[in-house]
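Read off the chains here:
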Amino acid sequence: MDKYLCIVCQYIYDPELGDPDGGIAPGTKFEDIPEDWVCPLCGVGKSDFEKVE
């Protein structure tokens with residue numbers, strides 16, 4: 001599964017870890033995260049993330 005980088009604060013969303021504090025279970029693909037989810041570090045939305053190549 002692809003990892004995604006927050007372009008604002010450099011947080012990396014790793015689908016293997018999810019974001020349990022944000023209600024995202026481990027194993028959740030970035031595409032399957034609700035649109036209202038925000039970066040757990042800086043609070044920006046999904047549109048400010050890009051795929052890590």
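Residues numbered from 1 in each chain as written. Predicted model: local features only at pLDDT ≥ 70, side-chain atom pairs only at ≥ 80, totals over all residues. Heavy atoms only, no water.

Another aspect to go through is the UniProt feature "binding site: Fe cation" (unreviewed entry) in the protein chain. Within this numbering scheme, the UniProt entry marks Cys6, Cys9, Cys39 and Cys42 as carrying the feature "binding site: Fe cation" (unreviewed entry). The greatest C-alpha distance among the annotated residues, which extend across 37 residues, is 8.9 Å, indicating that they converge on a single site. Tracing the backbone shows Cys9 in the loop between strand S1 (4–6) and strand S2 (12–13). For Cys9, the residues in contact, after removing those within four places along its chain, are Cys39, Leu41 and Cys42. Along the chain, the position of Cys42 falls in the loop between S2 and strand S3 (49–51). (UniProt positions renumbered as here; feature names shortened; annotations may be inferred. Helix = DSSP H or I, 4+ residues; strand = E, 2+ residues; numbered from the N terminus. Contact = heavy atoms within 4.5 Å.)

For the rest of this paragraph, the subject is the packing of aromatic side chains. Per the stated rule, a full pass over the model turns up seven aromatic pairs. For the ring pair Tyr11 and Phe49, a centre distance of 6.4 Å and an interplane angle of 85° mean the geometry is edge-to-face. You can see Tyr11 sitting in the loop between S1 and S2 and its partner Phe49 sitting in strand S3, a full 38 residues away along the chain. On the basis of relative accessibility, which here comes to 15%, the residue Tyr11 falls in the buried class. With relative accessibility at 9%, the residue Phe49 sits in the buried group. Consider the rings of Tyr13 and Trp37, whose centres lie 5.8 Å apart with planes at 70°: the pair is edge-to-face. Of this pair, Tyr13 sits in strand S2 while Trp37 sits in the loop between S2 and S3, placing them 24 residues apart in sequence. Grouping residues by exposure puts Tyr13 and Trp37 together as buried. What links up through ring pairs into an aromatic cluster is the set Tyr4, Tyr11, Tyr13, Phe30, Trp37 and Phe49. (Phe/Tyr/Trp six-rings, centres within 6.5 Å; stacked < 30°, edge-to-face > 60°. Buried < 20%, exposed > 50% of the residue type's maximum accessible area, 1.4 Å probe, protein only.)

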